[in-house]
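Here is how the chains run, residue by residue.
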Amino acid sequence: MIHGDDRGMVLPPEVAPIQVVIVPVAAEKEPELVMSRVSEVAQQLRGLELRVQVDDRDGIKPGAKFYQHEMRGVPLRIEIGPRDAAQNTLVRAWRFTGEKVHLSMDALETLPDRLSEMQRAMLKKSSANLDERTISVHSKEEFIEHLNRQDGFISARWCGSPACEKAIKEETSATTRNMPEHTHEGNKCIWCGNQALKTVLFSKAY
Ligand SMILES: [Zn+2]
(Lines give C-alpha, C1' and ligand atoms only; values in the text may rest on other atoms or scores of the structure.)
Protein backbone atom coordinates (compact mmCIF):
# COMPACT_ATOMS: atom_id res chain seq x y z
CA MET A 1 0.00 0.00 0.00
CA ILE A 2 3.00 2.28 0.40
CA HIS A 3 3.65 2.13 -3.33
CA GLY A 4 1.28 3.83 -5.65
CA ASP A 5 0.90 7.08 -7.52
CA ASP A 6 -1.66 9.15 -9.39
CA ARG A 7 -2.00 6.40 -11.97
CA GLY A 8 -2.87 3.70 -9.45
CA MET A 9 -1.14 0.81 -7.77
CA VAL A 10 2.51 -0.17 -8.14
CA LEU A 11 2.97 -3.80 -7.16
CA PRO A 12 6.32 -5.24 -6.09
CA PRO A 13 7.27 -8.00 -8.59
CA GLU A 14 7.35 -10.73 -5.93
CA VAL A 15 3.70 -10.30 -4.99
CA ALA A 16 2.27 -9.23 -8.35
CA PRO A 17 -0.19 -11.84 -9.71
CA ILE A 18 0.86 -10.74 -13.20
CA GLN A 19 4.51 -9.69 -13.44
CA VAL A 20 4.65 -9.00 -17.15
CA VAL A 21 1.87 -7.98 -19.49
CA ILE A 22 2.49 -8.18 -23.22
CA VAL A 23 0.46 -5.83 -25.39
CA PRO A 24 0.48 -6.09 -29.18
CA VAL A 25 0.37 -2.58 -30.67
CA ALA A 26 -0.75 -1.41 -34.12
CA ALA A 27 -1.52 -5.01 -34.90
CA GLU A 28 -3.66 -4.12 -37.91
CA LYS A 29 -0.49 -4.04 -40.01
CA GLU A 30 1.02 -7.47 -40.41
CA PRO A 31 -0.98 -8.77 -37.42
CA GLU A 32 0.20 -12.31 -37.88
CA LEU A 33 3.84 -11.42 -37.51
CA VAL A 34 3.09 -9.33 -34.42
CA MET A 35 0.91 -12.00 -32.85
CA SER A 36 3.41 -14.77 -33.46
CA ARG A 37 6.15 -12.64 -31.91
CA VAL A 38 3.90 -11.93 -28.92
CA SER A 39 3.32 -15.62 -28.25
CA GLU A 40 7.00 -16.36 -28.74
CA VAL A 41 7.94 -13.75 -26.13
CA ALA A 42 5.22 -14.97 -23.74
CA GLN A 43 6.45 -18.53 -24.06
CA GLN A 44 10.06 -17.53 -23.46
CA LEU A 45 9.18 -15.48 -20.37
CA ARG A 46 7.01 -18.27 -18.96
CA GLY A 47 9.98 -20.54 -19.49
CA LEU A 48 11.91 -18.17 -17.22
CA GLU A 49 9.16 -18.74 -14.62
CA LEU A 50 7.66 -15.29 -14.87
CA ARG A 51 3.91 -14.74 -14.49
CA VAL A 52 2.87 -13.45 -17.88
CA GLN A 53 -0.38 -12.22 -19.40
CA VAL A 54 -0.95 -11.50 -23.07
CA ASP A 55 -3.51 -8.73 -23.56
CA ASP A 56 -4.79 -9.44 -27.05
CA ARG A 57 -8.34 -8.21 -26.44
CA ASP A 58 -9.97 -6.89 -29.61
CA GLY A 59 -11.58 -3.49 -29.83
CA ILE A 60 -9.53 -1.86 -27.07
CA LYS A 61 -6.79 0.58 -28.05
CA PRO A 62 -3.27 -0.13 -26.78
CA GLY A 63 -3.27 3.17 -24.86
CA ALA A 64 -6.39 2.12 -22.94
CA LYS A 65 -4.79 -1.25 -22.15
CA PHE A 66 -1.61 0.48 -20.90
CA TYR A 67 -3.75 2.62 -18.63
CA GLN A 68 -5.61 -0.38 -17.18
CA HIS A 69 -2.46 -2.35 -16.47
CA GLU A 70 -0.77 0.67 -14.93
CA MET A 71 -3.76 1.18 -12.66
CA ARG A 72 -3.56 -2.46 -11.58
CA GLY A 73 0.14 -2.07 -10.83
CA VAL A 74 1.60 -4.66 -13.23
CA PRO A 75 5.38 -4.21 -12.76
CA LEU A 76 6.44 -4.64 -16.38
CA ARG A 77 4.80 -4.03 -19.74
CA ILE A 78 6.11 -5.25 -23.06
CA GLU A 79 4.83 -3.68 -26.27
CA ILE A 80 5.35 -5.31 -29.63
CA GLY A 81 4.41 -3.58 -32.88
CA PRO A 82 4.95 -4.43 -36.55
CA ARG A 83 8.31 -2.67 -36.68
CA ASP A 84 9.49 -4.43 -33.53
CA ALA A 85 8.35 -7.77 -34.88
CA ALA A 86 10.27 -7.17 -38.13
CA GLN A 87 13.40 -5.93 -36.36
CA ASN A 88 13.48 -8.42 -33.49
CA THR A 89 12.95 -5.75 -30.88
CA LEU A 90 10.35 -4.88 -28.27
CA VAL A 91 9.52 -2.03 -25.95
CA ARG A 92 9.88 -2.52 -22.23
CA ALA A 93 8.13 -0.15 -19.78
CA TRP A 94 8.54 -0.30 -16.00
CA ARG A 95 5.62 0.66 -13.79
CA PHE A 96 7.77 1.69 -10.83
CA THR A 97 10.15 4.08 -12.62
CA GLY A 98 8.17 4.86 -15.77
CA GLU A 99 11.29 4.05 -17.79
CA LYS A 100 10.45 2.92 -21.33
CA VAL A 101 13.11 1.66 -23.76
CA HIS A 102 13.54 -0.38 -26.92
CA LEU A 103 15.32 -3.68 -26.39
CA SER A 104 16.50 -6.49 -28.54
CA MET A 105 14.87 -9.89 -28.10
CA ASP A 106 18.12 -11.15 -26.52
CA ALA A 107 17.45 -8.93 -23.51
CA LEU A 108 14.46 -11.08 -22.48
CA GLU A 109 16.77 -13.41 -20.58
CA THR A 110 17.82 -10.58 -18.27
CA LEU A 111 14.26 -9.75 -17.21
CA PRO A 112 14.06 -12.03 -14.14
CA ASP A 113 17.17 -10.30 -12.77
CA ARG A 114 15.79 -6.90 -13.61
CA LEU A 115 12.55 -7.75 -11.79
CA SER A 116 14.56 -8.74 -8.71
CA GLU A 117 16.42 -5.43 -8.92
CA MET A 118 13.10 -3.65 -9.12
CA GLN A 119 11.90 -5.55 -6.06
CA ARG A 120 14.98 -4.42 -4.10
CA ALA A 121 14.65 -0.82 -5.27
CA MET A 122 11.01 -0.74 -4.17
CA LEU A 123 11.84 -2.21 -0.77
CA LYS A 124 14.62 0.33 -0.32
CA LYS A 125 12.29 3.17 -1.14
CA SER A 126 9.54 1.98 1.19
CA SER A 127 12.00 1.36 4.06
CA ALA A 128 13.42 4.86 3.63
CA ASN A 129 9.91 6.25 3.56
CA LEU A 130 8.97 4.36 6.73
CA ASP A 131 12.14 5.48 8.54
CA GLU A 132 11.45 9.06 7.55
CA ARG A 133 7.95 8.92 8.95
CA THR A 134 8.81 7.09 12.18
CA ILE A 135 9.74 8.60 15.49
CA SER A 136 10.93 6.66 18.53
CA VAL A 137 9.43 7.67 21.82
CA HIS A 138 10.37 6.70 25.36
CA SER A 139 7.48 7.86 27.53
CA LYS A 140 3.70 8.06 27.54
CA GLU A 141 3.89 11.85 27.37
CA GLU A 142 6.14 11.78 24.31
CA PHE A 143 3.85 9.19 22.75
CA ILE A 144 0.78 11.40 23.08
CA GLU A 145 2.65 14.52 22.05
CA HIS A 146 3.97 13.01 18.82
CA LEU A 147 0.66 11.41 18.03
CA ASN A 148 -1.02 14.79 18.16
CA ARG A 149 1.67 16.49 16.12
CA GLN A 150 2.14 14.30 13.09
CA ASP A 151 0.51 11.48 11.17
CA GLY A 152 3.45 9.13 10.74
CA PHE A 153 4.44 6.14 12.84
CA ILE A 154 5.56 5.96 16.42
CA SER A 155 8.01 3.33 17.47
CA ALA A 156 7.78 2.37 21.13
CA ARG A 157 8.56 -0.43 23.53
CA TRP A 158 5.40 -2.23 24.44
CA CYS A 159 4.14 -5.02 26.72
CA GLY A 160 1.99 -6.82 24.14
CA SER A 161 -1.07 -7.09 26.37
CA PRO A 162 -4.50 -6.82 24.71
CA ALA A 163 -5.82 -4.77 27.66
CA CYS A 164 -2.99 -2.27 27.22
CA GLU A 165 -3.60 -2.13 23.47
CA LYS A 166 -7.27 -1.42 24.12
CA ALA A 167 -6.44 1.34 26.60
CA ILE A 168 -4.09 3.00 24.12
CA LYS A 169 -6.68 2.83 21.41
CA GLU A 170 -9.42 4.26 23.60
CA GLU A 171 -7.34 7.13 24.87
CA THR A 172 -5.42 8.09 21.72
CA SER A 173 -7.08 6.24 18.80
CA ALA A 174 -3.64 4.82 17.97
CA THR A 175 -3.37 1.15 17.02
CA THR A 176 -0.47 -1.22 16.60
CA ARG A 177 0.64 -1.55 13.00
CA ASN A 178 3.77 -3.49 12.64
CA MET A 179 6.67 -5.02 14.51
CA PRO A 180 9.88 -3.83 12.89
CA GLU A 181 12.91 -6.10 12.82
CA HIS A 182 15.05 -3.54 14.57
CA THR A 183 14.26 -2.91 18.20
CA HIS A 184 15.31 -0.20 20.55
CA GLU A 185 16.20 -0.01 24.21
CA GLY A 186 13.78 0.00 27.08
CA ASN A 187 12.48 -2.53 29.56
CA LYS A 188 9.14 -0.97 30.26
CA CYS A 189 5.97 -0.62 28.27
CA ILE A 190 5.58 2.95 27.11
CA TRP A 191 1.96 2.96 28.21
CA CYS A 192 1.32 0.79 31.25
CA GLY A 193 4.84 0.46 32.64
CA ASN A 194 4.78 -3.35 32.69
CA GLN A 195 7.65 -5.31 31.20
CA ALA A 196 8.14 -4.48 27.53
CA LEU A 197 8.33 -7.50 25.26
CA LYS A 198 8.70 -5.90 21.87
CA THR A 199 9.14 -2.77 19.83
CA VAL A 200 5.97 -1.86 17.98
CA LEU A 201 4.97 0.77 15.45
CA PHE A 202 1.81 2.64 16.33
CA SER A 203 -0.19 5.03 14.28
CA LYS A 204 -3.53 6.73 14.49
CA ALA A 205 -6.56 4.95 13.13
CA TYR A 206 -8.87 7.09 11.05
ZN1 LIG B 1 1.52 -1.97 28.23
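This text goes with the structure placed above it.
Since we're looking at a predicted model, the values are computed, not measured.

Conventions and cut-offs
- Residues numbered from 1 in each chain as written.
- Predicted model: local features only at pLDDT ≥ 70, side-chain atom pairs only at ≥ 80, totals over all residues.
- Helix = DSSP H or I, 4+ residues; strand = E, 2+ residues; numbered from the N terminus.
- Rg over C-alpha atoms; globule rule 2.2 N^0.38 Å.
- Buried ≥ 20, exposed ≤ 12 C-beta atoms within 10 Å, placed from the backbone.
- Contact = placed C-beta atoms within 7 Å.
- Pairing = 2+ DSSP bridges.
- Axes fitted to C-alpha atoms, helices over the stretch in contact; angles between N-to-C directions.

Caption draft 1: Spotlight on the overall build of the protein. Across its full length, the protein carries six helices and eleven strands. A compact globule built from 206 residues would reach a C-alpha radius of gyration of about 17 Å, whereas the protein, at 24 Å, exceeds it by more than 25%. Based on the C-alpha atoms only, the size of the protein along its principal axes is roughly 75 × 30 × 25 Å. For the protein, the proportion of its 206 residues judged to be buried stands at 27%.

Caption draft 2: Molecular detail of unusual backbone geometry. Backbone geometry at glutamate 49 places phi at a positive 65 degrees, although glycine is not the residue there. With respect to the helices and strands, glutamate 49 occurs in the loop between helix H1 (31-47) and strand S4 (52-54). For glutamate 49, a count of 9 C-beta atoms within 10 Å gives the class exposed. Within the chain, asparagine 88 stands out as a residue other than glycine whose phi angle is a positive 60 degrees. Among the residues examined, asparagine 88 registers 11 C-beta atoms within 10 Å and is labelled exposed.

Caption draft 3: Main features of the environment of valine 54. Position of valine 54 relative to the elements: it lies in strand S4. Accessibility expressed as a C-beta count within 10 Å gives 18 for valine 54, which makes it partly exposed. Distance in space between the C-alpha atoms of valine 54 and glutamate 70 is 15 Å, their sequence separation being 16 residues. Residues in contact with valine 54, not counting those within four places in the same chain, are Ile22, Val38 and Ala42.

Caption draft 4: Structural detail: the sheet that holds strand S5 (residues 76-80). Taken in spatial order, the five strands of this open sheet run S4-S3-S5-S6-S7, and their pairing is mixed. A single partner strand is all that each edge strand has here, and the edge strands are S4 and strand S7 (100-104). For this sheet, the mean inter-axis angle between neighbouring strands, taken without regard to orientation, is 25 degrees. Pairing between strand S6 (residues 89-94) and S7: five bridges, direction antiparallel. Bridge pairing in S7 links leucine 90 to leucine 103.

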